[in-house]
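A closer look at the structure
Residue-level listing of the chains:
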Amino acid sequence: MRTPLLFAAALLLMVSCRKKDDPQPNKGNMRIVIENKVNNDPLVLQTGVYQNAHGDSYSVTTCKYFLSNFKVRKKGGAVVNVPETYFLVDQGNNASLGFTLPSLDITEYDQVSFLIGVDSTRNVSGAQTGALDPSGQAQGMFWDWNTGYIMARMEGSSPQIPTGSGQFAFHMGGFKGAHSVLRYVTLDLSTAANVQSNRTPEVHLKADVNKWFEGRAVVDFSQTYLIMSPGTDASRMADNYSVMFSVDHVEN
Amino acid sequence: MQMYHPKKTLFRSSRFWKRSLLGILGGSLVIVACQKDPEITSNGKPKAPLDNISFTVPQGWPAPFYTFAGNPVTKEGFALGRKLFFDPILSRDNSTSCGSCHQPFSAFSHLDHNISHGIEGKVGTRNSPPIFNMAWHTSFFWDGGVNHIENQPINPIENPVEMDDKMSNVISKLQASAEYRMMFKAAFGDEMIDYQRFNRAMALFMCVLVSDQSKYDRVKRGTASFTAQEQSGYALFQSKCGACHKEPLFTDFSFRNNGLAPNAVNDSGRAHITHDAADLYKFKIASLRNLKYTYPYMHDGRFKTLDAVLDHYATGIQSSPTLDPILTGGIALSAQERSDLLAFLNTLNDEVFVSDPRFKETN
């Protein structure tokens, strides 16, 4: 009489001890892999030399941005929100160039969308953790004096810059009203990503850094080399980079 | 077949009881040795009991802005926040704590300091504001740059002229302390110390600091009465000051230019945050509670006395494009009126708050 109870208890214990992001039955993961490029060349920090639309040559020392609030669309079906997705992509940290969207329904997905930045709610909700921890992963990506995340941060140098250091620094922040730099990206997957419980598709995205400097407003480094607060310059640059992502390929 | 009943056999065994007793005794010794009671000072003296630590909205007050979501008030959380508040470990050279510039007897402002000296005697440009009734504030600092109290502490901690440390370094120092690990465990369930827990503990301490025991509050609750002079002063206050210094918190938390002449610092105030010219020289309206303990006054502490403040409102207001329209004509008061108003403002001083033993440094 006691044995079935014990067995049930053991089973319960096993189930409750499973790690959080092991896919449950009928659930799988999707992996997103980011490649930062300049046009079609790989982005190499420090040493790579590139040319923007204005014709200015430049190199990049820092390239970081938050991607969050992921949604995926089931092929021929509904758009699904992937909860609690906040990732800091940092070109200087290889491990951050790939991340997992967990616990998705087993099916094919033909669209991925996400926010470049941290949604406004998280910017006003107090002390955050994980990728949003200002003392940890988000160090250097948070304005403590004007509470809010730096949604995207690009630094480097160019001979065109008229200051002694020749350095540019673009800290894209602001989440309110006309000067919000938050931008939503929607990407169709011509090859659908097939999520299985035992197979994780990889969606390879390309981010073209040069897009920061053209589009809504062509950036002339001799004029524009420092953006450190919300405003027109920041939101124009955000309009620029809102189209920097494209789908490179999907591996099923 | 006879069923084996291990329970019956075990509990009848005296060997079981002897071993259990030893185990319990041994375990208790370990527990007692490891657990520093945060309510006992290091020299063994009992600290003020914290069993009555709570957050209650005083009768008639509006709902607070801070919701304590994910951060319920507990005496362990409060004790931890209090210890952190008074601990100079939060500074680079372990010299400067929050309490260095936010003193309990000064309603948590910096008594008699127009601007404060932080690490290595460095000074800033703004007056240390008092800390009370924080749960109702919708923004922090004179320019309102911080939008949530849990993201306020990182500012003085990382400010080079205040505590000059890195938040990550402070957290490492706390993680290295057995006492803090135990207090975090008592407050949050395990020894993990991170940015969120640190700031939630700080928020608990700061938001529990409610000042609602002034004579004014007792009058409002019906347990005291204004004198005739205080009553006259109250009427004057309501007509001449109440639009900005809204009851019962005595501020509406908005940013106004009250006609202070810019000095060499040329502090742009709210405009520093919004970059909006319309916000130039606007600062957060300060509460009028506890003025007795929080001099000198204004964002840069330029007025040492309330008479100096009232002189400013009478004849010292500087005209400017962003001067609050309500102050264009100044605020004229006869000598009697001034005396009455000061008598009323005195009823906003909360002696209970500034002498509350639970809010003091306990080491």
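These remarks concern the structure in this document. (Residues numbered from 1 in each chain as written. Chains lettered and ligands numbered in written order. Predicted model: local features only at pLDDT ≥ 70, side-chain atom pairs only at ≥ 80, totals over all residues. Heavy atoms only, no water.)

**Overview of the overall build of chain B**
The helix and strand inventory of chain B stands at 14 helices and 2 strands. When burial is assessed residue by residue, chain B has 48% of its 363 residues classed as buried. Excluding contacts between residues fewer than 6 apart, the proportion of contacts in chain B whose partners are at least 24 apart in sequence is 68%. As presented, chain B carries roughly 17600 Å² of accessible surface, and 57% of it is formed by carbon and sulfur atoms. (Helix = DSSP H or I, 4+ residues; strand = E, 2+ residues; numbered from the N terminus. Buried < 20%, exposed > 50% of the residue type's maximum accessible area, 1.4 Å probe, protein only. Contact = heavy atoms within 4.5 Å. Areas by Shrake-Rupley, 256 points an atom, 1.4 Å probe, with all protein chains shown as cover.)

**What about the layout of surface pockets?**
Each pocket or cavity is described by its volume, and for the second largest pocket that value is around 470 Å³. Taken together, the residues of the lining of the second largest pocket sort by class into 9 nonpolar, 13 polar and 2 charged. (1 Å grid on protein atoms, 1.4 Å probe; cavity = no way out; pocket = protein on both sides within 12 Å on 5 of 7 lines; lining within 4 Å. Points joined across faces, edges and corners; volume = space filled by probe spheres on them. Nonpolar A, V, L, I, M, F, W, Y, C, P; charged D, E, K, R; others polar.)

**Topic: the interface of chain A and chain B**
Across the boundary between the two partners, chain A contributes 20 residues, which contact 21 residues of chain B. Carbon and sulfur atoms supply 50% of the area buried between chain A and chain B, which totals about 1700 Å² over both sides. Applying the counting rule to chain A against chain B returns 0 salt bridges. For the side of chain A that touches chain B, the class distribution of residues is 7 nonpolar, 10 polar and 3 charged. (Buried area = accessible area lost by both parts, 1.4 Å probe. Salt bridge = Lys/Arg side-chain N within 4 Å of Asp/Glu carboxyl O.)

**Regarding helix α12 (residues 306-316) of chain B**
Residues and elements named next belong to chain B. Buried residues of α12: Val309, Leu310, His312 and Tyr313, and no others. Projected down its long axis, α12 carries its buried residues within an arc of 150 degrees, all on one side. If you follow the buried residues of α12, they end up packed against α13 (335-346). (Arc of directions from axis to C-beta.)

**Focus: the pairing of strand β8 (residues 107-116) of chain A**
Residue and element names in this part refer to chain A. Burial analysis of β8 places 8 of its 10 residues in the buried class, which makes it a mostly covered element. Examined bridge by bridge, strand β4 (residues 57-74) and β8 share 6 bridges and lie antiparallel to one another. Pairing of arginine 73 across the sheet is with glutamine 111, part of β8. Two elements, β8 and strand β12 (residues 183-195), share 9 bridges in a ladder whose sense is antiparallel. Bridge pairing in β12 links isoleucine 116 to arginine 183. (Pairing = 2+ DSSP bridges.)

**Some thoughts on the environment of arginine 73 of chain A**
All names here are of chain A. Looking at the element boundaries, arginine 73 is found in strand β4. In sequence terms arginine 73 and glutamine 139 are 66 residues apart; their C-alpha atoms lie 33 Å from each other. With residues up to four places along the chain from it excluded, the contact list for arginine 73 reads Ala78, Val79, Glu108, Tyr109, Asp110, Gln111 and Asp188.

**Considerations on the environment of lysine 185 of chain B**
Residues and elements named next belong to chain B. Following the sequence through the fold, lysine 185 ends up in helix α7 (residues 178-188). With 128 residues separating them in the primary sequence, lysine 185 and valine 57 have C-alpha atoms 28 Å apart. Here lysine 185 is in contact with Asp190 and Glu191, once residues within four sequence places are set aside.

**Focus on the side chain of serine 68 of chain A**
Residue and element names in this part refer to chain A. Relative to the helices and strands, serine 68 is located in strand β4. A distance of 2.7 Å separates a polar side-chain atom of serine 68 from the backbone oxygen of glycine 117. Residues in contact with serine 68, not counting those within four places in the same chain, are Thr85, Tyr86, Phe114, Leu115, Gly117, Val118 and Asp119. (Polar contact = N/O pair within 3.5 Å; in protein donor to acceptor, adjacent residues only side chain to side chain.)

**Examining the pattern of salt bridges**
Residue and element names in this part refer to chain B. Counted under the stated rule, the structure contains 32 salt bridges over all chains. Here lysine 122 ties to glutamate 120 by a salt bridge, and the two come within 3.5 Å at their closest N and O atoms. Classification of lysine 122 by relative accessible area gives partly exposed; the value is 32%. Its relative accessible area of 51% is what places glutamate 120 among the exposed residues. As a salt-bridge pair, glutamate 230 and lysine 215 come within 2.9 Å of each other at their nearest N and O atoms. One end of the pair, glutamate 230, is in helix α10 (residues 228-240); the other, lysine 215, is in helix α9 (residues 215-221), and 15 residues separate them in sequence. Look at glutamate 230 and you get buried, because its relative accessible area is 11%.

**Digging into the side chain of serine 242 of chain A**
All names here are of chain A. In this structure, serine 242 sits in the loop between α3 (232-241) and β15 (245-251). Within the structure, serine 242 has its side chain in polar contact with the backbone oxygen of aspartate 239 (distance 2.6 Å). Not counting residues within four places of it along the chain, the set of residues in contact with serine 242 comprises Ile116, Arg183 and Val185.

**Notes on the state of the cysteines**
A covalent bond between the sulfur atoms of two cysteines is referred to as a disulfide. All names here are of chain B. Counting across every chain of the model gives 0 disulfides over all chains. A disulfide-free cysteine, cysteine 101 has its sulfur positioned 9.1 Å from the sulfur of cysteine 98, the nearest such atom. Residue cysteine 101 is classed as buried on the basis of its relative accessible area of 13%. (Disulfide = S-S within 2.5 Å.)

**Quick word on the packing of aromatic side chains**
Residues and elements named next belong to chain B. Scanning the model with the defined rule gives 44 aromatic pairs over all chains in all. Ring plane angle 45 degrees and centroid distance 5.3 Å describe the contact between phenylalanine 78 and phenylalanine 205, whose orientation is recorded as tilted. Here phenylalanine 78, found in helix α3 (residues 75-85), pairs with phenylalanine 205, found in helix α8 (residues 195-208); they are 127 residues apart in sequence, far enough to count as distant. For the residue pair phenylalanine 78 and phenylalanine 205, the accessibility class agrees, reading buried in each case. (Phe/Tyr/Trp six-rings, centres within 6.5 Å; stacked < 30°, edge-to-face > 60°.)

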